[in-house]
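Summary of structural features
Okay, here's what each chain looks like letter by letter:
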Amino acid sequence: MGEESETASADLHLLHKIAKILNDTRTSYATHNRKLKELAALRRSDESSSIPRFSSVFFKTLTPLFAAAQRRTAAAERIVRFVAEFACLRSNSDGGDSDCDEFLDEFLRFLIPGSVAANRNARFRACHIISEIILRLPDEVEVGDELWDEVIDCMMVRVRDKVPVIRTFAVRSLSRFVNDPDNTDILDLLLEEVRKTIVLSLPPSNATTQAIIDCTLDVNESVRKAAYSVLANKVPLQSLSIKLRTTILERGLADRAENVSKECLKLMKNQWLSNSCQGDPIEFLKYLDVETYESVAESALEVLLSEGLIMPSDDKSIQQYISSADGEARDESTCSTPSIQLMEPEIALYWRIICRKLHKSAQAKGSDAASAMGAEAAVYAAEASDANDLLERILPASVSDYVVLVKTHIEAGPNHHFASRQLLLLGTMLDFSDAMLHKTASSFVQELLRRPFEQELDEDGNSIVIGDGINLGGDKDWADAVSKLAKKVHSAPGEYEQLILVVVEELARPCRERTADFLQWMHMLSLTSLLLENGESLHSLREKAIEPEEILHALLLPGAKHTHLDVQRIAIKCLGLFGLLEKKPSEELVRQLRVAFCRSPPPISIMASKALVDLGMWHSPAEVDKAMGQDLLSQFEDENIDFVPVDLSNAEEDLNFKTLDLLYAGLESEDWRAYTESTENESVKATVGEGFAKLLLLGEKFPNLPASLYPFVLVKLISLYFSEESKEQLRFKQCLSVFFEHYASLSEKHKGYVSKAFVPLIRSMWPGIDDGNSKNSSYVVSNQRKRAVQASRFIVQMMQTPLYKSPDSLEESIQPPLDRTEEGLAIRIVIEMMSFKAKKTAAEKAYVLALCKTLVLLNLKSSEQNVMKLMKNILSRVADSVCSEKDLLKEVKLVLEHLKSLDATPNEELSQDEAKSIFESLGVNYDMDITAPVTVPQTPAPCSTRPAPSRRRVRRIEESSDEEDEEETSPPPSAPNTLMTRSHRASKTAALAKIMASKVKERDTDEVIEEEEVSSDVTAEDSDESDE
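Computed from a predicted structure; not experimentally measured. (Residues numbered from 1 in each chain as written. Predicted model: local features only at pLDDT ≥ 70, side-chain atom pairs only at ≥ 80, totals over all residues. Heavy atoms only, no water.)

Here the focus is the overall build of the protein chain. Across its full length, the protein chain holds 42 helices and four strands. Taken over 1028 residues, the protein chain has a buried fraction of 47%. The contacts in the protein chain between residues at least 6 apart in sequence include a share of 72% that link residues at least 24 apart. Summed over all atoms, the accessible surface of the protein chain reaches about 53,300 Å², with 50% contributed by carbon and sulfur. (Helix = DSSP H or I, 4+ residues; strand = E, 2+ residues; numbered from the N terminus. Buried < 20%, exposed > 50% of the residue type's maximum accessible area, 1.4 Å probe, protein only. Contact = heavy atoms within 4.5 Å. Areas by Shrake-Rupley, 256 points an atom, 1.4 Å probe, with all protein chains shown as cover.)

What follows deals with the packing of aromatic side chains. Under the counting rule described, the total for this entry stands at 27 aromatic pairs. For the ring pair F66 and F110, a centre distance of 5.7 Å and an interplane angle of 90° mean the geometry is edge-to-face. Here the residue F66 occupies a position in helix α3 (residues 51-67), and F110 occupies one in helix α5 (residues 96-115), the gap between them amounting to 44 residues. Given the relative accessible area of 11%, F66 is considered buried. Chaining the aromatic ring pairs together yields one cluster made of F54, F58, F59, F66, F86, F103, F107 and F110. We note R78 situated over the ring of Y29; from NZ or CZ to the ring centre the distance is 5.6 Å. (Phe/Tyr/Trp six-rings, centres within 6.5 Å; stacked < 30°, edge-to-face > 60°. Lys NZ or Arg CZ within 6 Å of the ring centre and 35° of its normal.)

This brings us to unusual backbone geometry. Phi at D289 takes a positive value of approximately 55°, unusual for a residue other than glycine. By the secondary structure assignment, D289 is in the loop between α14 (281-286) and α15 (294-306). Take D289: its relative accessible area is 25%, and that puts it in the partly exposed class. Positioned with a positive phi, R514 is a non-glycine residue whose angle comes to about 60°.

Moving on, we come to helix α25 (residues 565-581). For α25, with 17 residues, the first-to-last C-alpha span of 25 Å sits near the 24 Å given by 1.5 Å per residue. Counting buried residues along α25, 14 of its 17 residues qualify, which places the element largely inside the surrounding structure. (Expected span 1.5 Å × (residues − 1).)

Across all of its chains, the model carries 33 salt bridges by this definition. The residue D161 makes a salt bridge to R123 at a minimum N-O spacing of 2.9 Å. A residue pair is termed long-range when its members are at least 10 positions apart, and D161 in the loop between α7 (145-158) and α8 (164-174) and R123 in helix α6 (residues 120-136) qualify at 38 residues. Looking at D161, the relative accessible area reads 4%, which means it is buried. A relative accessible area of 6% places R123 in the buried class. Of the charged contacts, one joins D161 and R158 as a salt bridge, the two residues approaching to 2.8 Å between their closest N and O atoms. Taken individually, D161 and R158 each receive the classification buried, so the pair is uniform in this respect. Through salt bridges with shared partners, a single ionic network connects E294, E298, E302, R352, R356 and R421. (Salt bridge = Lys/Arg side-chain N within 4 Å of Asp/Glu carboxyl O.)

Within the secondary structure layout, S239 lies in the loop between α11 (221-234) and α12 (242-253). Distance from S239 to T209, taken between C-alpha atoms, is 9.4 Å for residues 30 residues apart in sequence. At 2.7 Å, the side chain of S239 forms a polar contact with the backbone oxygen of P236. (Polar contact = N/O pair within 3.5 Å; in protein donor to acceptor, adjacent residues only side chain to side chain.)

Let's shift gears to the environment of K583. Position of K583 relative to the elements: it lies in the loop between α25 and α26 (587-599). Judged by relative accessible area, which is 83%, K583 ranks as exposed. When the C-alpha positions of K583 and L538 are compared, they lie 8.7 Å apart, and in sequence the two are 45 residues distant.

What follows deals with a nonpolar patch on the surface. Taken together, the side chains of L697, L698, L746 and Y804 define a hydrophobic patch exposed on the protein surface, amounting to about 340 Å² of accessible area. Its location among the elements puts L746 in helix α32 (residues 730-746). (Patch = residues over 30% accessible without salt bridge, like charges linked within 9 Å, V, L, I, M, F, W, Y side chains within 5 Å.)

With that out of the way, let us pick up helix α4 (residues 74-87). The end-to-end C-alpha separation of α4 is 20 Å, in line with the 20 Å expected for 14 residues at 1.5 Å each. Taken across its 14 residues, α4 has eleven buried, putting it largely inside the fold. A76, E77, R78, I79, V80, F82, V83, A84, E85, F86 and A87 are the residues of α4 that are buried.

Together, D145, E146, D149, E150, D153, D185 and D188 line one region of the surface with negative charge. Among the secondary structure elements, those contributing two or more residues to the negative patch are α7 and α9 (184-201). Here the negative patch takes five residues from α7, the largest share from any one element. By the secondary structure assignment, D145 is in helix α7. With a relative accessible area of 61%, D145 lands in the exposed category. (Lys, Arg positive; Asp, Glu negative; His and termini not counted. Charge placed at Lys NZ, Arg CZ, Asp CG, Glu CD.)

With that settled, the discussion passes to the packing of helix α36 (residues 842-857) against helix α38 (residues 886-902). Close contact between α36 and α38 brings their axes to 10 Å; oriented N to C, the two are set at 25°. It follows from the interaxial angle that α36 and α38 lie roughly parallel. As α36 runs across α38, the sense of the crossing is left-handed. Listed contacts from α38 to V848, L849, C852, K853, L855 and V856 of α36 are D887, L888, E891, V892 and V895. Here the residues of the contact of α36 with α38 are counted per class, giving eight nonpolar, no polar and three charged. (Axes fitted to C-alpha atoms, helices over the stretch in contact; angles between N-to-C directions. Parallel < 35°, antiparallel > 145°, perpendicular 65-115°, else oblique. Left-handed = near helix turned anticlockwise from the far one by under 90°. Nonpolar A, V, L, I, M, F, W, Y, C, P; charged D, E, K, R; others polar.)

To continue, consider the packing of helix α33 (residues 748-765) against helix α35 (residues 822-834). Any two packed helices are characterised by how steeply their axes cross, that is the angle between the axes, and by the distance between the axes. Interhelical geometry of α33 versus α35 gives an angle of 30° and a closest axis separation of 8 Å. Accordingly, the angle class assigned to the pair α33 and α35 is roughly parallel. Crossing geometry of α33 relative to α35 is assigned as right-handed. Two secondary-structure elements touch here, α33 through S755, K756, F758, V759 and R763 and α35 through G824, L825, R828, I829 and E832. A breakdown of the residues in the contact of α33 with α35 according to their chemical character gives four nonpolar, two polar and four charged.

Per-residue confidence for the protein chain averages 81 on the pLDDT scale, and 81% of its residues sit at or above 70. For the protein chain, helix α40 (residues 961-964) is the element with the lowest average pLDDT, namely 40, and helix α19 (residues 417-426) is the one with the highest, namely 95. Within the model, the stretch residues 939-983 combines pLDDT values under 50 with 28 contacts to residues more than four positions away or in other chains. Scored below 50 in pLDDT, residues 999-1028 makes 41 contacts in the model with residues more than four places away or belonging to other chains. (pLDDT = per-residue confidence, 0-100.)

This paragraph deals with the side chain of R828. Within the secondary structure, R828 is located in helix α35. Although buried, R828 forms no salt bridge, and the nearest oppositely charged side chain, D819, lies 5.1 Å from it. For R828, the side chain forms a polar contact with the main-chain oxygen of L922, separated by 3.1 Å.

Moving on to the environment of Y743. In this fold, Y743 is placed in helix α32. For Y743, a relative accessible area of 0% translates into the label buried. Sequence separation between Y743 and T801 is 58 residues, and the spatial gap between their C-alpha atoms is 9.8 Å. Apart from residues no more than four positions distant in its own chain, Y743 is found in contact with L696, L697, Y710, L714, H750, Y753, V754 and M798.

So, in structure tokens, the structure goes:
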């Protein structure tokens, strides 16, 4: 008891001393230095006895600061600053830092529970002191990693605190760790909170609405959720355009994050449906323009149905739009012709979605009842029966009423085309098992199939087809709806094909007799296309009204040679579909597609390119070439020849080439035919480019493809991706973006093809290398160089992308072949740099400098010692050849220094056989004597102290290229100032030499200026990249 009382008394005495010091620091910052020394001495004194005892008393003294109200008074601020300074204080005596570190650990462990306390005053003071300590803590202070991780985790939690000032101190605390490579998630968190705060604080207006909607595409889930919350609370539905409304719903309902999709549902349910539309789903659909944005409206209705937010009332159904002549509702016993009330598009879509939901529910519950037993089966059966009863009450009472309803809407004109299509899809939920009902429905389906294209007359009296001119009715969705109804009515095996072939045979008679106009041809071919799209094989078409061979030779091939371009286009599409159903493509079909691709106008050539690509992917390119029955040429099979694409603009060109060569010519040609009309932003290049991207991804399924094909195609696809002309081809750009994202990650072999494509790609994109002297302006040349630099870095990024790993694959540390690694790419680059002579043009200097800067981006492995030695040897030769070019020499020497650091055995030399082996593994034919001595240029000696004369740029008339290519004459070197004074005669000689040299410089002024622009262009490229 005596010892405990003495300890308590000593602690109380120590507490009073600490409290007195803290009270003194409240008055002024001027007292802090003196009080820090007093408190540090008190911590070292015998009275404290140990750091844990001093810490416990110090924390007890500081506790009232945490219990005080959250007021940032001057006195409290001074105490917080003082205790933070004391926690960071270092001792000047030996061994004193250990006590300081121990106290800091104890103090941080005391503050961490306070930062997560329920009381906001405690959280505020704890976060305030932690932020002050972190910002003042010297770098040499050692704190345990586990303790730092705990502090950082607490501050990351407090970044989302509901009290703004606590969030501020948490951000201040984390700001010191932003650049730490081990804590990259801190920067992401801070940026997320910044974007979230900006979204929540934006006022609603016409100027800010688009910015808020753009945040629904943010990479962070909380920012997207905040954007939908702002849209729900601040932006009324009526102030948004139809495009913005559908964009919001399309993104929100399809969002991967459940919290975001729930927030979007909350916006749609509480604000738009309940407040703005008073719970009426039809009124809600009118805000979405269902005819233009059908898929979005359909998704919104399905979500509302699944949540149980909308359901048809007992007094509403489709039958209310069908009434007797006297205006009363019809039933199955009524025989008079019904009177039809036309539906609006929103109502037709609403009933189709409702009926489809009920139909699926009844089928699912029926299946569950069949698989269950006992009471559970009875429950499922009752639910299925209820759904069927409700569906039967909504749908027309009879098939004849349904047929009349659809016919009335079709005859009402194009304004009711959308409603007609929705009603057609309702037919897939009716029962046509009865013979009379089947006959009525079959007659209606045949009437739909015989319905020709709608047309109108232009100013010259020529007929113009309304719609796309390819699908039945001029609309893909309409053709699909007719096909689904026909399959429902004629569901027996072979009935669907027989039905369409009977109509096709009837429509083909005037075509065979050559009495049909182009509209009849298009109608017949659109039905043939519908049949081929839904057919499984040509075997299912045999022994019907028309045999498959007759379809090909009597209908499709003559249609492809028709004089009308629209007939040719749809016939080419049918040929492509017919070839997919064949076991092996026929010679006549392939030949016609090749001729259409090479000799037809763009709309037909685009369709032919799609057909050839599909045939190649389905049957393989080798099988398509085999169908021609003759030996075809291919430039892809020989890597040593100079590749010259087929000239499709030359009508006399021999087309005796393989299919891939012809398709590649579509990529390579430049505007080889003028467009006659726009074809939905499609082009031959985009179509063929997408086909080649698919072919490269699935290349392993086609082992007969030549290996040289892949680099050739990659070079062209990447150059198209970065070209100016592809900016308008948004779909093509998106396709290539997805392709490049996955291509290099699928296989090491793909990385080898990417590495092999690097040098040809950059050479082809760099102006003035392969195309001679570029005649473009400096602005155009600068942009071309920037695109080439972007492409080079893009390839490096593809090479550094990690490979995908399958879940069942074993971890194996197998070294990939050299040609599939970054080291192999580095060898290719240095060989390309060495290929230029010492005397370089301005374009070549800029090109070599860009290649050298690309080398720095590669992650070279020190394990490849022979590769490092070879690169060092070749780069030393490059440095020897560019010793007069300071910028280039500087970059080369930087790479050389890096290679020297990777060389573990600098004294060992690389043998000629080892270098030859490396070149052979890369497939590079490069003859170099590795044993020849290499002179590495030394750092230039310091220049003379004599000031250099200022150079004056002289304007002159542009001279011929012969004068530009003259060798540059350098003035004779002047003697250093440290030498003896020259004689009078020697001075005259030096003066004459300077005069002659000035004339030469005047002649070469433009070349000098151009060289200066080179370095500035490349520097600008780097700065642009860093800005991005």
